[in-house]
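Structural overview
The primary structure of each chain is shown beneath.
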Amino acid sequence: MKVLTGNDLKTGDVTWWTGTSWSRDVNDAADVGERGAEILAREEAARRVNVPYLIEAERTENGVRPAHIKDRVRAVGPTVRPDLTLNPQNPEALDWVI
Amino acid sequence: MYKYDNYDQQMVDARVEEFRDQARRRLEGKLTEDQFKPLRLMNGLYLQLHAYMLRVAIPYGTLNGEQMTALANIADKYDRGYGHFTTRQNLQYNWIKLEDAADILADLAKVEMHAIQTSGNCIRNISSDHFAGAAQDELVDPRPYAELLRQWSSFHPEFTYLPRKFKICVIASEKDRAAMRLHDIGIQIVQQDGEIGARFFVGGGMGRTPMIAPMIRDFVPLDQLITYAEACLRVYNRYGRRDNKYKARIKILVHELGKDEYTRQVEEEFAHMLDQGVEPPREELERLKPFFADPTFEDGAKTVDRSDPDFALWVDRNTHRHKNDAYVSAVISLKPVAGIPGDATGDQMRVMANLAQQYSFDELRIMHTQNVVLPHVKIADLHALWTQLDAADLGAPNMDTIEDMIACPGLDYCALANARSIPLAQRISEKFDASGKTEKLGELKLKISGCINACGHHHAGHIGILGVDKKGVENYQLSLGGSEAEDVSLAKITGPGFTEDGVIEAVETVTDVYLAQKQGEERFLDTYRRIGMAPFKEALYD
Ligand code: HEM
Ligand code: SF4
């Protein structure tokens, strides 16, 4: 699947396009198919996201998994600070990055 | 320490308001990202993996307790309670919001700090010896010269759009504690026939094409220092490779022209500029010197009570000889076992600020090895200091050991990274600490970068590790034999790369080769230089 991601303009938070808006949870990411470029231009112009880009990802049993490790790190947070990730109660979630 | 005059303060305050307006216009949609990016970068604001990142300049690594406290307060108020001290003697915050950035810059300006010229193709923060003004072996304090260069290079209109970033370093001892020859310009303050002057090394750097700067002039009189620096930059500004980002640093120009031809062009430019009034009046340098005058040192004990072995070890490892023999410079390690190199929490920054005020004439220094120095500590106060450091998890006795490694943020934070650096640093430190081998290895400088940009100085590591991307999987290249010190050299790659587990094993292997082959007092680097790469390669790959 093709997924759209970027950082929130105001806060810099990592965000994922859900089909109707933006979410901080990668598992909310929608497959944008061939419409990526169009959505990207529109959302950037509307200032809801900063420097958005299109990535490859895979829908698995456990949710959406970006193809590149960099985007998996972005999706959870720094692997060396489990306390600062999106899911601080569950440090094992970091294993998903590798 | 240097104190801002009205001009300095006005410039910094005006810049904050200018940026506030730019950020507002970006948030209102009046500026696109393409328009805004160069403006935010001029104020040290990057976009990284998880948020915006702000890089704060700490001129030649010197700051006082009030400034350190302000950095701590920003970490707590606007970031997530910590900051990262870097090899550029700066501080980076990892979790900044664009909507807060102008307020942060305003808070910095209140304590004479800013983020100007910490990014972009301009002259960056000047680096220097972290023991400046304290070291027993220095000729003079290099910081007045660094400050003169800072003033000259701040908002210098001719050098605001250079072909690429530009880094200058000033030292004043034969020992090089600041990687001077790995800078675009390295200046060593020297004495010739009783006169003080500057020796110029130009065209060093790390990144994808590491180079050691050759000396191009062994003595520039002090009343021509700025003119000579300006001539060096002018030749570069004119002929640097603007067509290719990867060839745009001055090291490539000096290398391609050859040192002699580059020098000839600089000398020609210099001769032409000499009577044009480029040089600030000599009184300006004299005006700066008193800012860096010695504090009032007192007599006191010259030795410590060594009955506590933990304290004695810390004193042996983490203190440096001071020009006054009742004092030392004390190194505060930001490398606790399995910690994140260079990270300090807001609370730790406040502890360091208070200790500086209490024990070091209100002065701190940031080292390029991502540690902090209290430059002037009375030997009689050392035990009290160490006790408080230890209580704040700041007392690791590991300066210049394998546990005192440099690691860049890598793929945990950095958008340019290929691989993570910090987890390697943590695992290596944990492993060597647990096996007790650190002690046996003595001085061993390990440096890790997450990509070829070499922010973690891997080219200059006795052991260097570079993260690469191998078909989407993290992989690590090992190199040996580098040094950033006066015996400067560039490390050589051992051979094919390793997985994360593999490279940690490989570090163990090369240290075993060293211990087996070591003669007398040899350090790892000395043994490597004597026996060469072959025995290490054999142990690694056979
Ligand atoms: C996380 C954001 C960072 C980014 C985007 C970044 C980017 C870069 C780039 C692109 C280069 C290569 C420049 C060239 O060769 O032309 C570089 C070099 C360098 N950076 Fe960083 N860097 C970052 C963080 C750091 C940190 C945290 C440190 C200190 C630990 C640092 C210190 C250096 C040094 C010492 C060099 C190499 C020396 C040189 O050739 O100038 N940087 N950086
Ligand atoms: S070396 Fe590469 S990964 Fe490390 S901080 Fe620099 S740019 Fe980022």
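Just so you know, these numbers come straight off a predicted model, no measurement behind them. (Residues numbered from 1 in each chain as written. Chains lettered and ligands numbered in written order. Predicted model: local features only at pLDDT ≥ 70, side-chain atom pairs only at ≥ 80, totals over all residues. Heavy atoms only, no water.)

Side note on the overall build of chain A
Summing up its helical and strand segments, chain A has 2 helices and 5 strands in all. Counting from the amino terminus, chain A carries its helices and strands in the arrangement β-β-β-α-β-β-α. For 98 residues, the compact-globule estimate of 2.2 N^0.38 gives 13 Å, and the C-alpha radius of gyration of chain A, at 13 Å, lies within 12% of that figure. Dimensions of chain A along its principal axes, counting C-alpha atoms only, are 35 × 30 × 20 Å. By residue count, 48% of the 98 residues in chain A fall in the buried class. Of the contacts formed within chain A by residues at least 6 apart in sequence, a portion of 50% connects residues at least 24 apart. As presented, chain A carries roughly 4800 Å² of accessible surface, and 48% of it is formed by carbon and sulfur atoms. (Helix = DSSP H or I, 4+ residues; strand = E, 2+ residues; numbered from the N terminus. Rg over C-alpha atoms; globule rule 2.2 N^0.38 Å. Buried < 20%, exposed > 50% of the residue type's maximum accessible area, 1.4 Å probe, protein only. Contact = heavy atoms within 4.5 Å. Areas by Shrake-Rupley, 256 points an atom, 1.4 Å probe, with all protein chains shown as cover.)

Some words on the packing of aromatic side chains
Enumeration over the complete set of coordinates arrives at 16 aromatic pairs over all chains. Over the ring of Tyr82(B) we find Arg81(A); its NZ or CZ atom is 4.5 Å from the centre of that ring. Across from the ring centre of Trp95(B), 4.5 Å away, lies the NZ or CZ of Arg80(B), which sits over that ring. (Phe/Tyr/Trp six-rings, centres within 6.5 Å; stacked < 30°, edge-to-face > 60°. Lys NZ or Arg CZ within 6 Å of the ring centre and 35° of its normal.)

Overview of the side chain of Ser128(B)
Secondary-structure assignment places Ser128(B) in strand β6 (residues 127-128). Here Val170(B) takes part through its backbone oxygen, which lies 2.8 Å from a polar atom of the side chain of Ser128(B). (Polar contact = N/O pair within 3.5 Å; in protein donor to acceptor, adjacent residues only side chain to side chain.)

Here we look at the interface of chain B and chain A
Counting residues at the interface gives 32 residues for chain B, matched by 24 residues for chain A. Overall, the association of chain B and chain A removes approximately 2300 Å² of surface from exposure, summing both partners, and the carbon and sulfur fraction of that is 57%. The interface formed by chain B and chain A includes 0 salt bridges. At the surface where chain B touches chain A, the tally comes to 15 residue pairs in polar contact (both at pLDDT 80 or more). Put simply, the parts of the chain that give the side of chain B that touches chain A at least two residues each are α1 (6-27), β5 (91-96), α4 (98-110) and α13 (422-435) of chain B. Ranked by the residues each element gives to the side of chain B that touches chain A, the list is headed by α13(B), at 3 residues. Tallied by class, residues from the side of chain B that touches chain A come to 17 nonpolar, 5 polar and 10 charged. (Buried area = accessible area lost by both parts, 1.4 Å probe. Salt bridge = Lys/Arg side-chain N within 4 Å of Asp/Glu carboxyl O. Nonpolar A, V, L, I, M, F, W, Y, C, P; charged D, E, K, R; others polar.)

What about the site of ligand 2?
Close to ligand 2 lie Cys408(B), Pro409(B), Gly410(B), Cys414(B), Leu416(B), Ala417(B), Ser449(B), Gly450(B), Cys451(B), Asn453(B), Ala454(B) and Cys455(B). For the shell around ligand 2, the residue count by class is 8 nonpolar, 4 polar and no charged. (Near = heavy atom within 4 Å.)

Comments concerning the sheet that holds strand β9 (residues 195-202) of chain B
Residue and element names in this part refer to chain B. The strand order across the open sheet formed by 5 strands is β6-β7-β8-β9-β10, and the pairing between neighbours is mixed. With partners counted over all chains shown, the strands left at the sheet margins are β6 and β10 (215-221), one partner each. Looking at chain direction, β6 and strand β7 (residues 168-171) are connected through 2 bridges and run parallel. Bridged to Ser128 within β7 is Val170. (Pairing = 2+ DSSP bridges.)

Points about the pattern of salt bridges
Residues and elements named next belong to chain B. As enumerated under the stated definition, the model contains 62 salt bridges over all chains in all. The closest approach of N and O atoms between Glu33 and Arg40, which form a salt bridge, is 2.5 Å. The exposure classification of Glu33 matches that of Arg40, with both residues buried. A salt bridge links Glu508 to Lys437; the nearest nitrogen and oxygen atoms lie 2.6 Å apart. Here the residue Glu508 occupies a position in helix α15 (residues 500-517), and Lys437 occupies one in helix α14 (residues 437-441), the gap between them amounting to 71 residues. On the accessibility criterion, Lys437 (5% relative accessible area) is buried. It is possible to trace a salt-bridge network through shared partners that takes in Asp21, Arg24, Arg25, Glu28 and Lys30.

So, the coordination of the iron atom of ligand 1
Among protein residues, the single donor to the iron atom of ligand 1 is Cys455(B) (SG), with a metal-donor distance of 2.2 Å. Along the chain, Cys455(B) falls in the loop between β17 (446-449) and β18 (463-470). (Donors = N, O, S within 2.8 Å, 3.2 Å for Na, K, Ca; no water.)

Remarks on the packing of helix α3 (residues 65-78) of chain B against α4(B)
Residue and element names in this part refer to chain B. At their nearest, the axes of α3 and α4 sit 10 Å apart, and the two run at 160° to each other. Relative to α4, the element α3 is oriented roughly antiparallel. At the point where α3 passes α4, the crossing takes the right-handed sense. Taken together, the residues of α4 that come into contact with α3 (itself represented by Leu71, Ile74, Lys77 and Tyr78) are Asp100, Asp103, Ile104, Asp107 and Leu108. Counted by class, the contact of α3 with α4 contains 5 nonpolar, no polar and 4 charged residues. (Axes fitted to C-alpha atoms, helices over the stretch in contact; angles between N-to-C directions. Parallel < 35°, antiparallel > 145°, perpendicular 65-115°, else oblique. Left-handed = near helix turned anticlockwise from the far one by under 90°.)

Considering the layout of surface pockets
Residue and element names in this part refer to chain B. Considered as a void within the structure, the second largest pocket measures approximately 510 Å³ in volume. Along its surface, the second largest pocket is lined by 23 residues, and Lys175, Met399, Asp400, Glu443 and Lys445 are the ones closest to its centre. Put simply, the parts of the chain that give the lining of the second largest pocket at least two residues each are α10 (309-318) and β11 (319-321). A per-class count over the lining of the second largest pocket returns 4 nonpolar, 7 polar and 12 charged. (1 Å grid on protein atoms, 1.4 Å probe; cavity = no way out; pocket = protein on both sides within 12 Å on 5 of 7 lines; lining within 4 Å. Points joined across faces, edges and corners; volume = space filled by probe spheres on them.)

A short note on the packing of α13(B) against α15(B)
Residue and element names in this part refer to chain B. It is the contact of α13 with α15, at a shortest axis distance of 11 Å, that shows an interaxial angle of 45°. Here α15 runs oblique to α13, going by the angle between their axes. Along this stretch, α13 crosses α15, giving a crossing that reads as right-handed. The residues of α15 that touch α13, namely those facing Pro423, Leu424, Arg427, Ile428, Lys431 and Phe432, are Glu500, Asp501, Val503, Ile504, Glu505, Val507, Glu508 and Thr511.

Brief notes about the nonpolar core
All names here are of chain B. Counting residues in each nonpolar core, the largest one holds 107 residues, and the members touching the most others are Leu71 and Phe200. The dominant element in this core, judged by the number of residues it contributes, is helix α6 (residues 225-239), at 9 residues. In this structure Phe200 touches Ile185, Gly186, Ile187, Pro214, Met215, Ile216, Arg217, Val220, Leu225, Tyr228, Ala229 and Cys232, once residues within four positions along its chain are discounted. In this structure, Met405, Ala407, Phe432 and Ile463 belong to the second largest nonpolar core, which totals 30 residues. (Core = buried A, V, L, I, M, F, W, Y, C linked by side-chain atoms within 4.5 Å.)

Describing the site of ligand 1
Residues and elements named next belong to chain B. In the vicinity of ligand 1 lie 22 residues, with Thr87, Lys165, Met206, Arg249 and Cys455 positioned nearest. Interatomic distance of 3.0 Å between a side-chain N/O atom of Lys167 and an oxygen atom of ligand 1. Arg249 is positioned such that a nitrogen or oxygen atom in its side chain is 2.7 Å from an oxygen atom of ligand 1. For the shell around ligand 1, the class distribution of residues is 8 nonpolar, 8 polar and 6 charged.

Interpretation note: all reported values are geometric properties and have no functional meaning in isolation.
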